[in-house]
Protein chains: 2
Amino acid sequence: MSNVTNQANAAAFERICAAEPLLLDVRPAIEVVPGMTPATVLTSGAPRTWDEYVGGQRDAIVGGALYEGLAVDPEGVDREVRAGTISIGVCQDHACVGSLAGIYTASMPVFVVENATTGEHAFCNLFEGPDPQRLNYGIYNQTVADTLDHLRDVIGPILGEAIRAGGPIELKPIMRRALNMGDELHSRNTAGTVLFSRELFPRLLEIYERRPRDVRDVLEHLSSSDYFFLRLSMAASKATADAAREIEGSSVVTAMVLSCGDFAIRVGGLGGDWFRAAIPRVDAKLFDGHTDDDVEFMGGESCLAETVGLGGFAQAAALTLQDYQGGSPERMAAMNREMYDITVGEHPYFRIPLFGFRGCPTGIDVHRVVETGITPVLDIGVAGRGGGQIGAGVLRTPLACFAAAAEAHTARYGHHESLQLKGSR
Amino acid sequence: MSNVTNQANAAAFERICAAEPLLLDVRPAIEVVPGMTPATVLTSGAPRTWDEYVGGQRDAIVGGALYEGLAVDPEGVDREVRAGTISIGVCQDHACVGSLAGIYTASMPVFVVENATTGEHAFCNLFEGPDPQRLNYGIYNQTVADTLDHLRDVIGPILGEAIRAGGPIELKPIMRRALNMGDELHSRNTAGTVLFSRELFPRLLEIYERRPRDVRDVLEHLSSSDYFFLRLSMAASKATADAAREIEGSSVVTAMVLSCGDFAIRVGGLGGDWFRAAIPRVDAKLFDGHTDDDVEFMGGESCLAETVGLGGFAQAAALTLQDYQGGSPERMAAMNREMYDITVGEHPYFRIPLFGFRGCPTGIDVHRVVETGITPVLDIGVAGRGGGQIGAGVLRTPLACFAAAAEAHTARYGHHESLQLKGSR
């Protein structure tokens, strides 16, 4: 048994729970994202070669490059990427977190979130709105471009001004309340969105005198979808998970990401290595008119939420999801309970009412996953062949990448019997 | 078996479910409440003689009269009431619904809610704010008077202007969403309050240019407490329950009310008669420093919510109440399930996520209460001796008044075997 690993995992759990994500600003990516250049496109998932990006994820990357004016047509993008004048990077290497295909280009506005405990920053771009045709779902056309322009020219700047004027907004208390109001902060963000809107409203009043129409646009954007807050939950989760990176000996997962071709994880004590596995079938509830054959994976890093004890790890707080992604209250509670068997401890601040306010299962230990055979469950949005959202569901992650990570961990640190901390109520 | 009663109960259930409460306005009571006069004080519960109003409820009535300037001291109020120059009425006879002591005087602003299905109006006054010292909890002093002035001069008029300017606000969709966000719309109204606030924001923008400070005060009022929406839920419940009154043959409860001395119900087929019983002990969770001996009943009609399938009848939608009023998720779910045994049907629109979106148990049949021995449960705020809120809890209503009502119903309509409708998903 490795005391080093148990201590490291306890430290990882502690850092995750101690994170204090603050929303500082909204800025164009080029101004704040580390390593961003005018010709960079960031996308979701562990790194792949250009030819390995296929389907909707490739379409989204191409769309991002076109939107940014890096080429005039898809063939041009392909040429520039091969020539190295357009650079494709992955979100996780740039402190960003990608929703579905997760496209970031220089001019796109991003939320700037700081973990006040560590001082580190994380970034997430803005929700495009309720239209199922979105760049992050692999679609690029004039409508999508207009939406992105509106985010860049109106929504982003007004949000940024409101946030700066009133000072940083603490996201953790909003997230805690949202868990008491039916959100799990991945596939359901209704309460988070309304609570955040209320926080913003007094700040918007002063801007209203100068820019009445723009402020009305922001209000419209905030109330037109219940998913606005997802990007803040994702940025907060990324800022939180990053606090558990690079802890010598830790077998706790610090990132889970999807690309069009694989599911991959990183582990705290194993540096920047990605452990990959094929994507399994998702148990999805599809919008009318779609079948399982239409499902296509095009990336996704919103499961950073599950990495820090939210989403599928808090689904018993969001039973209305039975209508959106399928399942029954009993099944959701049972899946949620399973997650206690593979995590280091129970979150002292994020709690689940249905479980008598038991803390969310937090800090996935790859050894426990292998020992129990229970893999993390993710609440995810489902994209369709040809682009667009076609449903939502629960993804049971594949064992192979956890097994590979556990093996690498054992090779480096020796045999380990995992210890589970118990949260206190 | 009485077909008349089964048909009447089905009609009562139907009318309750079909109600469409709209918020039309906020107006001084004198302008809108039927039968209101400059020298009237309305209070909660079935009617009592002046000498029967004791403790906090009497203090509240006296406070209301003093606030309205109907006398200069408590002795003066007593003289004027005995002389008949101050008139004490009960809320339920004036289309009002009282929170705790439930004091209405002429100048107080009230929400004007219409059931669009019937065209009938119901009224509820405004939440005084988070300070445990409130008139409706039996306290009257300068602080309380200042709060009431602020409601009358700023909060009420601005709310009224915002509502009128944007047109009626549909309350039913807000209530439905709130049930999906952890409210049961009696002891928890957090989601309702935030959702209503969001509805109001765009309307407040235009008023802001003319009255910036007052609009900020309204925002402060809206965000300072999660109970703001309770008064709207109450007015909506009253407008809804009233639709089931005066249905020949109906054994469905149309009102449940508390005074300082009794719990009383009215039944659809039994005219305006009140059936009364002594108030039982409440299973309460008290704020720190209080004991059961401190509990005092001073009235309350917010259980109109339970009358139409909310509150205790939807508590499984609001499991966070385990922290506020005690109990466990399992116990709350079990109590909620019991209510299906005494109700006519399942609400087609108000649904409970934990029960797989089963509709709320709706339409209490006094015969079923007597047959099963199961009496309605109410989520209530608990007042303390000497005034103020000291906790919250669950009240199991007494059987006696349901038994008396069932007996009167049988005497009038003959023996009845109750029929339970089943809601459809």
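Residue positions within a chain follow its written sequence, with the count starting from 1. Here the convention is simple: chains get letters from A, ligands get numbers from 1, in the order in which they are written. For this predicted model, a pLDDT threshold of at least 70 governs which residues receive local features, and a threshold of 80 or more governs which side-chain atom pairs are given and counted, while totals over whole chains, interfaces and linings are taken from all residues. With hydrogens and water stripped out, all remaining heavy atoms of the structure feed into the side-chain values.

**A closer look at the overall build of chain A**
Here's step 1: Helical segments are the DSSP runs of H or I of at least four residues, strand segments are the runs of E of at least two, and each set is numbered from the N terminus. When its secondary structure is counted, chain A shows 14 helices and 15 strands.
Here's step 2: For the radius of gyration, the atom set is restricted to C-alpha positions; the globular benchmark scales as 2.2 Å times the number of residues to the power 0.38. For 425 residues, the compact-globule estimate of 2.2 N^0.38 gives 22 Å, and chain A sits close to it at 20 Å.
Here's step 3: Based on the C-alpha atoms only, the size of chain A along its principal axes is roughly 60 × 50 × 45 Å.
Here's step 4: Whether two residues are in contact is decided by their heavy atoms, any of which lying within 4.5 Å being enough. Of the contacts formed within chain A by residues at least 6 apart in sequence, a portion of 73% connects residues at least 24 apart.
Here's step 5: Surface accessibility of chain A: about 14,100 Å² in total, with carbon and sulfur atoms responsible for 49%. Reported accessibility uses the Shrake-Rupley method at a 1.4 Å probe radius. Residues are deemed covered only where the shown protein chains occlude them.

**So, the interface of chain B and chain A**
Here's step 1: Contact with chain B, which involves 33 residues of that partner, is made by 34 residues of chain A.
Here's step 2: Note on terms: buried area is the combined drop in 1.4 Å-probe accessible area of two parts once they are placed together, counting the loss on both. Summed over both partners, the interface of chain B with chain A comes to about 3,000 Å²; 66% of that surface belongs to carbon and sulfur atoms.
Here's step 3: Of all residues in chain B, Met181, Arg198 and Leu205 of chain B give up the largest surface area on contact with chain A, accounting jointly for 22% of the area buried on that side.
Here's step 4: When a carboxyl oxygen of Asp or Glu is within 4 Å of a side-chain nitrogen of Lys or Arg, the pair counts as a salt bridge. Measuring nitrogen to oxygen at the nearest pair gives 3.0 Å for the salt bridge that ties Glu206 of chain B to Arg216 of chain A.
Here's step 5: Under this definition, polar contacts are N or O atom pairs within 3.5 Å; protein pairs additionally need one hydrogen-donor-capable and one acceptor-capable atom, and for neighbouring residues in sequence, both atoms have to be side-chain atoms. Counting across the interface, chain B meets chain A through eight residue pairs in polar contact (both at pLDDT 80 or more).
Here's step 6: Secondary-structure elements contributing two or more residues to the side of chain B that touches chain A are helix H7 (190-210), helix H8 (212-224) and helix H11 (321-325) of chain B.
Here's step 7: Amino acids are sorted into nonpolar (Ala, Val, Leu, Ile, Met, Phe, Trp, Tyr, Cys and Pro), charged (Asp, Glu, Lys and Arg) and polar (every other residue, Gly among them). When the residues that make up the side of chain B that touches chain A are grouped by side-chain class, the tally is 16 nonpolar, eight polar and nine charged.

**Looking at the sheet that holds strand S10 (residues 283-286) of chain A**
Residue and element names in this part refer to chain A.
Here's step 1: Pairing within the open sheet is antiparallel, and its four strands lie in the order S10-S15-S14-S11. Each edge of the sheet is formed by a strand with only one pairing partner; in this case those strands are S10 and strand S11 (295-296).
Here's step 2: Two strands are counted as paired when DSSP detects at least two bridges linking them. The sheet contact formed by S10 and strand S15 (residues 389-396) spans four bridges and is antiparallel. Bridging across to S15, Ala284 finds its partner in Gly393.

**Here we look at the relation of the copies chain B and chain A**
Here's step 1: Superposing the copies works by least squares over the C-alpha atoms of residues that have pLDDT at least 70 in both of them. Each copy of the sequence occupies a distinct position, and chain B is placed on chain A by a rotation of 180° and an axial shift of 0.0 Å, giving an RMSD of 0.0 Å. In the structure described here, the two chain copies are related by an operation that fits a two-fold rotation axis. When each C-alpha of chain B is compared by its distance to the rotation axis, Met181 of chain B comes out closest, at 2.2 Å.
Here's step 2: A shared binding surface is used by both copies, with 100% of the interface residues of chain B retained as interface residues in chain A.

**Things to note about unusual backbone geometry**
Here's step 1: The backbone of Leu100 of chain A sits at a positive phi, close to 45°, despite the residue not being glycine.
Here's step 2: Along the chain, the position of Leu100 of chain A falls in the loop between strand S3 (87-90) and strand S4 (109-115).
Here's step 3: Classification of Leu100 of chain A by relative accessible area gives buried; the value is 9%.
Here's step 4: We note that Ala95 of chain B has phi near 60°; this positive angle belongs to a residue other than glycine.
Here's step 5: Position of Ala95 of chain B relative to the elements: it lies in the loop between strand S3 (87-90) and strand S4 (109-115). Each residue's exposure class comes from its accessible area (1.4 Å probe, protein chains only) as a fraction of the maximum for that residue type: buried when under 20%, exposed when over 50%, partly exposed otherwise.

**Details of helix H14 (residues 399-413) of chain B**
Residues and elements named next belong to chain B.
Here's step 1: Expected helix span is taken as 1.5 Å per residue step, with the number of steps being one fewer than the number of residues. The first and last C-alpha atoms of H14 sit 21 Å apart over 15 residues, in line with the 21 Å expected at 1.5 Å per residue.
Here's step 2: Among the residues of H14, those classed as buried are Cys401, Phe402, Ala405, Ala406, His409 and Tyr413. For H14, the buried positions fall inside an angular range of 135° around the axis, keeping them on one side. With respect to the buried face of H14, the exposed residues turned more than 90 degrees away are Glu407 and Ala411. Think of it as the arc spanned by the lines of direction from the helix axis to the C-beta atoms.

**Digging into the packing of aromatic side chains**
Residue and element names in this part refer to chain A.
Here's step 1: Pairing of aromatic side chains requires ring centres within 6.5 Å, counting the rings of Phe and Tyr and the six-membered ring of Trp. Pairs whose planes differ by under 30 degrees are stacked, by over 60 edge-to-face, and all others tilted. For the structure shown, the criterion picks out 19 aromatic pairs over all chains.
Here's step 2: Consider the rings of Tyr349 and Phe350, whose centres lie 5.8 Å apart with planes at 55°: the pair is tilted.
Here's step 3: Looking at Tyr349, the relative accessible area reads 28%, which means it is partly exposed.
Here's step 4: Of the aromatic side chains, those joined through ring pairs into one cluster are Phe111, Phe196, Phe228 and Phe229.
Here's step 5: Whether a charge sits over a ring comes down to the Lys NZ or Arg CZ being within 6 Å of the ring centre and within 35 degrees of the ring normal. The residue whose ring lies beneath Arg176 is Tyr349, and the NZ or CZ to ring-centre distance is 4.4 Å.

**Points about the environment of Ser259 of chain B**
Here's step 1: Considering the arrangement of structural elements, one finds Ser259 of chain B in the loop between strand S7 (253-258) and strand S8 (263-267).
Here's step 2: Linking Ser259 of chain B and Ser237 of chain B, residues 22 residues apart in sequence, is a C-alpha distance of 19 Å.

**Quick notes on the domain arrangement of chain A**
All names here are of chain A.
Here's step 1: Start and end positions for the domains come from either an automated domain assignment or a database one. Taken as a whole, chain A is organised into domain 1 (19-234) and domain 2 (245-413).
Here's step 2: Between domain 1 and domain 2, the contact holds 42 residues from the first and 50 residues from the second.
Here's step 3: Remark: the boundary between domain 1 and domain 2 carries three salt bridges.
Here's step 4: A salt bridge links Arg266 to Asp93, with the shortest nitrogen-to-oxygen separation between them at 3.0 Å.
Here's step 5: The interface formed by domain 1 and domain 2 contains 20 residue pairs in polar contact (both at pLDDT 80 or more).
Here's step 6: Put simply, the parts of the chain that give the side of domain 1 that touches domain 2 at least two residues each are helix H3 (55-67) and helix H6 (171-179).
Here's step 7: Here the side of domain 1 that touches domain 2 gets five residues from one element, more than from any other, and that element is H6.
Here's step 8: Each residue belonging to the side of domain 1 that touches domain 2 can be placed in one class, and the counts come to 18 nonpolar, 14 polar and ten charged.

**Focus: the nonpolar core**
Here's step 1: In terms of nonpolar packing, the biggest core is built from 226 residues, with Leu159 and Phe196 of chain A together with Leu159 and Phe196 of chain B touching the most fellow members.
Here's step 2: Apart from the residues lying within four places of it in its own chain, the contact partners of Phe196 of chain A are Leu23, Ile169, Ile174, Leu222, Phe228, Phe229 and Leu232 of chain A.
Here's step 3: With 35 residues, the next largest nonpolar core counts Leu286, Leu378, Ile390 and Leu395 of chain B among its residues. The term nonpolar core refers to a set of buried residues drawn from Ala, Val, Leu, Ile, Met, Phe, Trp, Tyr and Cys, joined through side-chain atoms within 4.5 Å.

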